[in-house]
Amino acid sequence: GRLEGEGAELLLFEATRSTFFLVGEETGIQETPSILWAIYQHAYKIGLRFNHLAVDVSPSIAIQLQDLDLEPDADRLMEQYFSSQTDIASAYSLPSEQLMLSSVLSTAESNAYVLWGIGPTKMSELRNDLKFLLEFAPDRDAEKVLEKYIRDAEKAYTTFLKEQNPASLSFFSFGEREFQSLNSMFEEDEEALMVIKDLAASQSVYTLTGELALQESTPEKEAMMKRRFRKYYQDALATQSKAPRVMARVNWKSGFKGAIPESTTKSFGNYLQGYGKKNNQKTFHLLVLGGIQDSVLQKRPGQPIAYEATLGAAFKDNNEKDLGPLIAAVPSGKKAVIELAPLRNRVKNTGISINPLLQKILDEYDAVLVVGGGESGPSD
């Protein structure tokens, strides 16, 4: 539960002086949750706690995960939650992720929501939102309608597993009639109406092409993350005596201080930095990368957890994106933090030519944490 070394000193120092500490991660690195918890715990122990952890799950899932984790038998309930419905918050289904959540949420004050869900409802998660709404059903008639929607969604998900065709999911056929029905049932329940509104907004993030292939809208997703963060933050300001300190955990592309790579879409990280500047608050952006090693863990909808190449390996022969010069600075199988300001200045002052992605990382992140390093090594 501790980080040690000169790199650790840098991260822990920045965690204590930064109101917003953003972790932009390459997904699937198994050490990331324990590293995140070590940083969070350090700030907590010295009295500079982060009040909230913002993550890329939907608001309804964030509520469910926090409620489960605050129960006396949280471990059993969390395991049951993930085993009973596959492809729900799959990024947090691994034991290491559940342990991190349990550790963070154990610091929560009574009735204080630590976990902020700033991501969209994923295409396989309609079932979860409907089950969540069922708990708020005002009468038996509403329960019957929701139970039918849930049966239809479960049946459609089973079809999706067999055919591997996203078009079979109810997420894409749930339309205006269904949303009107839900809104009419919950016309006086603000929390339920917010879930319904969030679900409708998520449909603009995940769409199907003419060939029925899944397509994710980066502009829609980044805009949604910004809106949701702003609402959570403003709600916290209204109820907390001090301005909240927040740790955010997002995909590495969303953590840049400018635009998403190879896009004109301003990232969530750009918004967070701007929000901090506007309020005279410091932000720190940490990029977490795997080494040039064989694999990281990934979970694709409808697929079992599998090993895939790291970004370092995938970009190795790409002249525009090769991360090797950065990753190779770390010995094989080791972990190290690379502070980017000195490198940024050296590149600028000496005129060294580096590829566009490396330049963007130097310009828009504050540090890189490399797990694995080197040219090869065991998966970690």
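Residues numbered from 1 in each chain as written. Predicted model: local features only at pLDDT ≥ 70, side-chain atom pairs only at ≥ 80, totals over all residues. Heavy atoms only, no water.

Peer 1: Got a sec to walk through the overall build of the protein chain? Specific residues and values, please.
Peer 2: Check the secondary structure of the protein chain and you find 15 helices and 11 strands. For 380 residues, the compact-globule formula gives about 21 Å, and the C-alpha radius of gyration of the protein chain, at 21 Å, lands near that figure. Viewed in the frame of its principal axes, the protein chain has a C-alpha envelope of about 70 × 50 × 40 Å. Across the 380 residues in the protein chain, those meeting the buried criterion constitute 51%. Of the contacts formed within the protein chain by residues at least 6 apart in sequence, a portion of 73% connects residues at least 24 apart. Of the roughly 17900 Å² of accessible surface on the protein chain, 49% is carried by carbon and sulfur atoms. (Helix = DSSP H or I, 4+ residues; strand = E, 2+ residues; numbered from the N terminus. Rg over C-alpha atoms; globule rule 2.2 N^0.38 Å. Buried < 20%, exposed > 50% of the residue type's maximum accessible area, 1.4 Å probe, protein only. Contact = heavy atoms within 4.5 Å. Areas by Shrake-Rupley, 256 points an atom, 1.4 Å probe, with all protein chains shown as cover.)

Peer 1: Report on the sheet that holds strand β10 (residues 334-339), specifying residues and quantitative values.
Peer 2: With mixed pairing, the seven strands of this open sheet are ordered in space as β3-β2-β6-β1-β7-β11-β10. Strands with a single pairing partner mark the edges of an open sheet, and in this sheet they are β3 (115-117) and β10. Adjacent strand axes in the sheet meet at a mean angle of 20 degrees, parallel and antiparallel pairs treated alike. Note that strand β1 (residues 20-25) and strand β7 (residues 283-290) share six bridges and pair parallel. The partner of Phe20 across the bridge, within β7, is Thr283. Contacting β1, β2 (52-55), β3 and β6 (246-251), helix α10 (residues 218-239) runs over the sheet at an angle of about 145 degrees to β3. (Pairing = 2+ DSSP bridges. Axes fitted to C-alpha atoms, helices over the stretch in contact; angles between N-to-C directions.)

Peer 1: Now, about helix α6 (residues 126-134): what can you tell me, with residues and values included?
Peer 2: The buried count for α6 comes to seven of nine residues, which makes it a mostly enclosed element. By the burial criterion, the buried members of α6 are Leu126, Arg127, Asn128, Asp129, Leu130, Phe132 and Leu133. Buried residues along α6 sit against α3 (59-69), α4 (74-84), α7 (140-163), α8 (176-185) and α9 (190-202).

Peer 1: Account for the pairing of β1, with residues named and values stated.
Peer 2: With respect to burial, β1 is a largely interior element, six of its six residues being buried. Note: β1 against β6, six bridges, orientation parallel. Residue pairing in the sheet places Glu25 in a bridge with Asn251 of β6.

Peer 1: Would you mind going over a positive patch on the surface in detail, with residue names and values included?
Peer 2: Taken together, the side chains of Lys197, Arg227, Arg230 and Lys278 make up a positively charged region of the molecular surface. Inspection of the secondary structure assignment puts Arg227 in helix α10. Look at Arg227 and you get partly exposed, because its relative accessible area is 40%. (Patch = residues over 30% accessible without salt bridge, like charges linked within 9 Å, V, L, I, M, F, W, Y side chains within 5 Å. Salt bridge = Lys/Arg side-chain N within 4 Å of Asp/Glu carboxyl O. Lys, Arg positive; Asp, Glu negative; His and termini not counted. Charge placed at Lys NZ, Arg CZ, Asp CG, Glu CD.)

Peer 1: Tell me what's going on with the environment of Pro120, and back it up with residues and numbers.
Peer 2: Among the structural elements, Pro120 can be located in the loop between β3 and α6. For Pro120, a relative accessible area of 0% gives the class buried. Expressed as a C-alpha distance, the spacing of Pro120 and Asp56, which sit 64 residues apart in the sequence, is 7.5 Å.

Peer 1: Provide a residue-level description of the packing of aromatic side chains, including the pertinent values.
Peer 2: A complete count under the given rule lists 25 aromatic pairs for this structure. On the basis of an interplanar angle of 10 degrees and a centroid distance of 6.1 Å, the ring pair of Phe229 and Tyr233 is categorised as stacked. Placement of the pair is Phe229 and Tyr233 together in helix α10, with a separation of four residues, close to one helical turn. Accessibility classification places Phe229 together with Tyr233 in one group, the buried group. By the ring-pair criterion, three or more aromatic residues cluster together here, those being Phe20, Trp116, Phe229, Tyr232, Tyr233, Phe268, Tyr271 and Tyr275. (Phe/Tyr/Trp six-rings, centres within 6.5 Å; stacked < 30°, edge-to-face > 60°.)

Peer 1: Tell me about a negative patch on the surface, and please be specific about residues and values.
Peer 2: Taken together, Asp67, Glu71, Glu135 and Glu191 make up a surface patch of like negative charges. Residue placement: Glu71 occurs in the loop between α3 and α4. Classification of Glu71 by relative accessible area gives partly exposed; the value is 40%.

Peer 1: A description of the confidence of the model for the protein chain should follow, citing residues and the corresponding values.
Peer 2: On average, residues of the protein chain score 91 in pLDDT, and 97% of them are at 70 or above. Here residues 376-380 is a poorly scored stretch, pLDDT under 50, and it has 15 contacts once near neighbours within four places are set aside; other chains count. (pLDDT = per-residue confidence, 0-100.)

Peer 1: Mind laying out the packing of α10 against helix α11 (residues 268-278), listing which residues take part and the relevant values?
Peer 2: Relative to each other, α10 and α11 sit at 35 degrees, their axes nearing to 9 Å. Judged by the twist between their axes, the crossing of α10 over α11 is right-handed. Contacts between α10 and α11 involve Glu222, Met225, Lys226, Phe229, Arg230, Tyr233 and Gln234 from the former and Phe268, Tyr271, Leu272 and Tyr275 from the latter. Tallied by class, residues from the contact of α10 with α11 come to seven nonpolar, one polar and three charged. (Left-handed = near helix turned anticlockwise from the far one by under 90°. Nonpolar A, V, L, I, M, F, W, Y, C, P; charged D, E, K, R; others polar.)

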